[in-house]
Structures are given as C-alpha cells and as structure tokens.
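Okay, here's what each chain looks like letter by letter:
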Amino acid sequence: MAVATFKKQGTVNFMQKGTKCRITYSLHDLEPEKKHGFHIHEKPFQNDDCNEAGSHYNPKGKKHGALDSKERHDGDLGNIEADAEGRSYNKIYVQLNLNDIIGKTIVLHEQEDDLGKNNTNESKTTGNAGERID
C-alpha cells in the first residue's frame, strides 16, 4: 500500500490487487462541480513544485487516453469531478503495478482532461488538462 498527500486537496491511496492497482481518493477544496485531469507523472515530487514532475508516466510510449482506452499512458487516470461542495471521493482500478509508480508524482490539473479525443498534439500528449494545481 502507498499514500500520496496533496498539499491542500487531500489524499490518494494505492493498493495492489492482483494485476490491478486500486486507487482511492478523498479530495476537497476543489472548484465545485468541475472536472479535473488526474495523472501519474514520471518524476518524483521535488522542491515543493509539481511542475518539476515531468510528463505523464508512459513507459510503453502510447498516446494519451481514457482509463478504458486500449491506447493510454499508464499514468492516465481520467478525471475527478468535484461535487457542489468541492469534494470528490471515489475509487478506480487500473492495470498497473504499484511498485512501478512508487516515487512518481500524482498531479491534479486545473481543467478537465479531454482524454485524447481531440485531434491536436496537446490532446494526444496531455489531454489539454491545463495547469497543475497540486
């Protein structure tokens, strides 16, 4: 099991379940009723700055995509959606080995991830999810 703690928004828990990783998050103080891109990035969190986290974790060299896409970065976790009070609680299961992501950075983005569905380079690499907020 591993835990990632955001500076302001809450926690993300990881637990290996066979070949999948269960990711459970409890986030708060988000913009109410808004979706935010949610990703594992390739580098460790350093110097209190998530902008140093590098690109999405993508060891297989795939295009950006949704959780249920055949073509997706291993670090693509889709979107989280805040409720009317700015909170989001959920769990997702991802084909991922927990040991491979220990030491990587979990990033919450300012905007909704378009899941690689737009025909632009930015969509195919980042999902147009905007700035990193935590």
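Description of the structure in this document. (Residues numbered from 1 in each chain as written. Predicted model: local features only at pLDDT ≥ 70, side-chain atom pairs only at ≥ 80, totals over all residues. Heavy atoms only, no water.)

### Re the sheet that holds strand 1 (residues 2-5)
With antiparallel pairing, four strands are arranged side by side in an open sheet as 1-2-3-6. Edge positions in the sheet fall to strand 1 and strand 6 (88-95), since each of these pairs with one other strand and no more. Averaged over all neighbouring strand pairs, the angle between strand axes comes to 15°, with direction disregarded. Alignment of strand 2 (residues 10-17) against strand 3 (residues 20-27), held across eight bridges, turns out to be antiparallel. Directly across from G10, in strand 3, lies its bridge partner L27. (Pairing = 2+ DSSP bridges. Helix = DSSP H or I, 4+ residues; strand = E, 2+ residues; numbered from the N terminus. Axes fitted to C-alpha atoms, helices over the stretch in contact; angles between N-to-C directions.)

### Observations concerning the nonpolar core
Formed by 23 residues in total, the largest nonpolar core has its most connected members in V12, F14, I23, F38 and I106. Secondary-structure elements contributing two or more residues to this core are strand 1, strand 2, strand 3, strand 4 (35-41), strand 5 (76-81), strand 6, helix 1 (98-101) and strand 7 (105-108). What F14 contacts, discounting residues up to four positions off in sequence, is M1, A2, A4, C21, R22, I23, L98, I101 and I106. (Core = buried A, V, L, I, M, F, W, Y, C linked by side-chain atoms within 4.5 Å. Buried < 20%, exposed > 50% of the residue type's maximum accessible area, 1.4 Å probe, protein only. Contact = heavy atoms within 4.5 Å.)

### Looking at the pattern of salt bridges
Under the counting rule described, the total for this entry stands at five salt bridges. In this structure, the salt-bridge partner of E31 is K34, at a minimum N-O distance of 3.5 Å. Residue K34 is classed as buried on the basis of its relative accessible area of 17%. Where E85 meets R87, a salt bridge forms, and the shortest distance between an N and an O atom there is 3.0 Å. Given a relative accessible area of 34%, R87 falls into the partly exposed group. (Salt bridge = Lys/Arg side-chain N within 4 Å of Asp/Glu carboxyl O.)

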